[in-house]
Amino acid sequence: MAYIAALRQSNRATWRDILEISDADTGDLIDLTGARITMTLCGERGDTLKASTDDGSINVIDLGKAEFVFTKDQMSGLCAGSYSIGARVQRETDGDVEQLLEGSVYIYEGVDRQ
């Protein structure tokens, strides 16, 4: 079961956040040891950012918790506007792929240009 998100983020700052992943039935945090987690941010103009445990832009930091980061340089390449976001996890234990997150992100033009 995917969580539905509606987020806002500046295109002039690093975007670092934590995904908390729990069992939908029990609420227990899921062991993410060895899991492959991917996230994609897609704009209407074809601009895309990707993060993954494969490249180190997503890291498992604790039981049921993974941190992702899009750098300021990556974010500055995005124009202000609405973007779709999705994240999936493939657990090492059974190989199943689950949709973690899907939703929208409004990227706004950061004011400080220093």
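To keep things clear, this report deals only with the structure shown in the data block. (Residues numbered from 1 in each chain as written. Predicted model: local features only at pLDDT ≥ 70, side-chain atom pairs only at ≥ 80, totals over all residues. Heavy atoms only, no water.)

**Thoughts on the overall build of the protein**
Put simply, the rule reads: Each helix is a run of H or I in the DSSP string that is no shorter than four residues. Each strand is a run of E no shorter than two, and both are numbered from the N terminus. The quantity called the radius of gyration is restricted to C-alpha atoms. Its globule counterpart is 2.2 Å times the number of residues to the power 0.38.
Helix and strand counts for the protein stand at 1 helix and 8 strands. Secondary structure of the protein in N-to-C order comes out as β-β-β-β-β-β-α-β-β. On C-alpha atoms alone, the protein measures out to a radius of gyration of 15 Å, which is about the 13 Å that the 2.2 N^0.38 rule sets for 114 residues. If one aligns the C-alpha atoms of the protein with their principal axes, the spans along those axes are about 45 × 25 × 20 Å.

**Observations regarding the nonpolar core**
Going by this rule: The criterion is simple. A nonpolar core is a set of buried Ala, Val, Leu, Ile, Met, Phe, Trp, Tyr and Cys residues joined through side-chain atoms within 4.5 Å. Type-normalised accessible area, obtained with a 1.4 Å probe on protein chains alone, sets the label of each residue: buried when under 20%, exposed when over 50%, and partly exposed for intermediate values. Note on definitions: a residue-residue contact is assigned when non-hydrogen atoms from the two residues lie within 4.5 Å.
Among the nonpolar cores identified, the biggest contains 26 residues, and Trp15, Leu32, Ile37, Met39, Leu41, Phe70 and Leu101 are the most heavily contacted of them. Counting residues per element, the ones that place at least two in this core are strand S2 (15-20), strand S3 (36-43), strand S4 (48-52), strand S6 (65-70), strand S7 (81-90) and strand S8 (97-108). Residues contacting Phe70, with those up to four places away along its chain left out, are Thr14, Trp15, Met39, Leu49, Lys50, Ala51 and Met75.

**Considerations on the sheet that holds S2**
Here is the rule we go by: One bridge is not enough; two strands pair if DSSP finds at least two bridges between them. In this description, a line fitted to the C-alpha atoms serves as the axis of each element, helices being fitted only across the stretch in contact, and the angle between N-to-C directions of two axes falls anywhere from 0 to 180 degrees.
Taken together, the 3 strands give an open sheet; going across it, the order is S2-S6-S5, and neighbouring strands pair in antiparallel fashion. Both edges of this open sheet fall to S2 and strand S5 (58-62), since each of them pairs with a single strand only. Looking at each pair of strands side by side, their axes are set apart by 25° on average, direction ignored. As judged from the 6 bridges shared by S2 and S6, these two strands associate in the antiparallel manner. Along S6, the bridge assignment pairs Glu20 with Lys65.

**Digging into the pairing of S7**
Strand direction decides the pairing type here: S3 and S7, joined by 8 bridges, are antiparallel. Looking across to S7, one finds that Thr40 is bridged to Gly86. Where S7 meets S8, 10 bridges bridge the pair, whose relative direction is antiparallel. Note on S8: the bridge partner recorded for Val89 is Glu98. Counting the residues between successive antiparallel strands, the hairpin from S7 to S8 contains 6 residues, one of them, Gly95, with a positive phi of roughly 75°.

**Brief notes about the side chain of Asn11**
When you line up the elements, Asn11 lands in the loop between strand S1 (3-10) and S2. Filtering out sequence-adjacent residues up to four positions away, Asn11 remains in contact with Met75, Ser76, Leu78, Cys79, Ala80, Ile107, Tyr108, Glu109 and Gly110.

**Some words on the pattern of salt bridges**
Rule in force here: Salt bridge, as used here, is a side-chain nitrogen of Lys or Arg placed within 4 Å of a carboxyl oxygen of Asp or Glu.
Applying the stated criterion across every chain yields a total of 6 salt bridges. For Lys65, the salt bridge identified is with Glu20, shortest N-O distance 3.9 Å. Separated by 45 residues along the polypeptide, Lys65 in strand S6 and Glu20 in strand S2 bring together distant segments of the chain. Here Arg91 makes a salt bridge to Glu98, at a shortest N to O gap of 2.6 Å. With a relative accessible area of 28%, Glu98 lands in the partly exposed category. Sharing partners across several salt bridges, the network here consists of Arg91, Asp94 and Glu98.

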